[in-house]
Amino acid sequence: MLYDDSWRQLLLALCGLSFLAFAAWAAVHPHYLAGLLGYTLKTANGHSEFHAIYVGVFLAQTSLCVLASLRVQDAALGNLVGLFLLAQPLGRLLAWPRFGAPQGAMRMLFAAEALGGLLVLLVQPTASAALGSP
């Protein structure tokens with residue numbers, strides 16, 4: 001485990017920028033992103049659900065990343081970012097036995113989410129080291 005505020009802030013900021021970029025992409029080019037992710041948007045409900053997740057939830061995750069980056073000494077906020085990131089590859093792993101492994105761009109996203117989540121959890125704020133956190 002590494003205890004470094006600057007690295008932790010950088011990781012959290014990069015995560016936030018990634019979520020913001022995906023939210024903007026989803027808002028501006030929903031059909032293109034949906035196709036890349038294996039979706040087809042045909043109905044109002046489909047568009048609504050896609051925007052709820054890829055715009056709404058991703059903007060909320062962006063906000064959490066910004067807050068965690070600004071309050072880097074609060075390890076719990078940054079750890080929530082890491083857990084949210086790791087929840088995505090966990091969901092993909094749960095789908096794997098029934099529907100197969102992620103393919104194409106989804107395989108890259110799977111790796112990036114897992115790596116990003118692990119890095120955020122492995123780089124803790126310096127206050128955690130002083131408190132004797134593992």
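Owing to the predicted nature of the structure, the values given are computational and were not obtained by experimental measurement.

Draft legend 1. Geometry of the environment of P125. Along the chain, P125 turns up in the loop between β2 (123-124) and α6 (126-130). The sequence separation of P125 and F58 amounts to 67 residues, and the corresponding C-alpha distance is 24 Å. Among residues more than four places away in sequence, those in contact with P125 are Y3, D5, R8, V72, Q73 and A75.

Draft legend 2. Representation of the packing of aromatic side chains in the model. For the structure on display, the rule yields nine aromatic pairs. Between F22 and W25, the ring centres sit 5.7 Å apart and the planes meet at 40°, which makes this aromatic pair tilted. With F22 and W25 both in helix α1 (residues 5-28) and three residues apart, this pair spans about one turn of that helix. Note on W25: relative accessible area 27%, which makes it partly exposed. Between W25 and Y32, the aromatic rings sit 6.0 Å apart at their centres with planes inclined by 35°, giving tilted as the arrangement. Residue Y32 is classed as exposed on the basis of its relative accessible area of 55%. Through pairs of rings, three or more aromatic residues link up here, namely F19, F22, W25, Y32, Y39, F50, Y54 and F58.

Rules behind the numbers
Residue indices begin from 1 for each chain and proceed along its sequence in written order. Thresholds applied to this predicted model are a pLDDT of at least 70 for local features of residues and 80 or more for the giving and counting of side-chain atom pairs; totals over whole chains, interfaces and linings are not thresholded and use all residues. For side-chain calculations, the full set of non-hydrogen atoms in the structure is used, while hydrogens and water are omitted. For helices the rule is a DSSP run of H or I covering at least 4 residues; for strands it is a run of E covering at least 2, with both sets numbered from the N terminus onward. Here, residues are in contact when the closest pair of their heavy atoms is within 4.5 Å. Each aromatic pair joins two rings of Phe, Tyr and Trp (for Trp, the six-membered one) with centres within 6.5 Å, and gets the label stacked for planes under 30 degrees apart, edge-to-face for over 60, and tilted for any other angle. Partly exposed residues are those whose accessible area sits between 20% and 50% of the maximum for their type, while under 20% is buried and over 50% is exposed, using a 1.4 Å probe and protein chains only.

Fair warning: the whole summary comes from geometry, so function is off the table for now.
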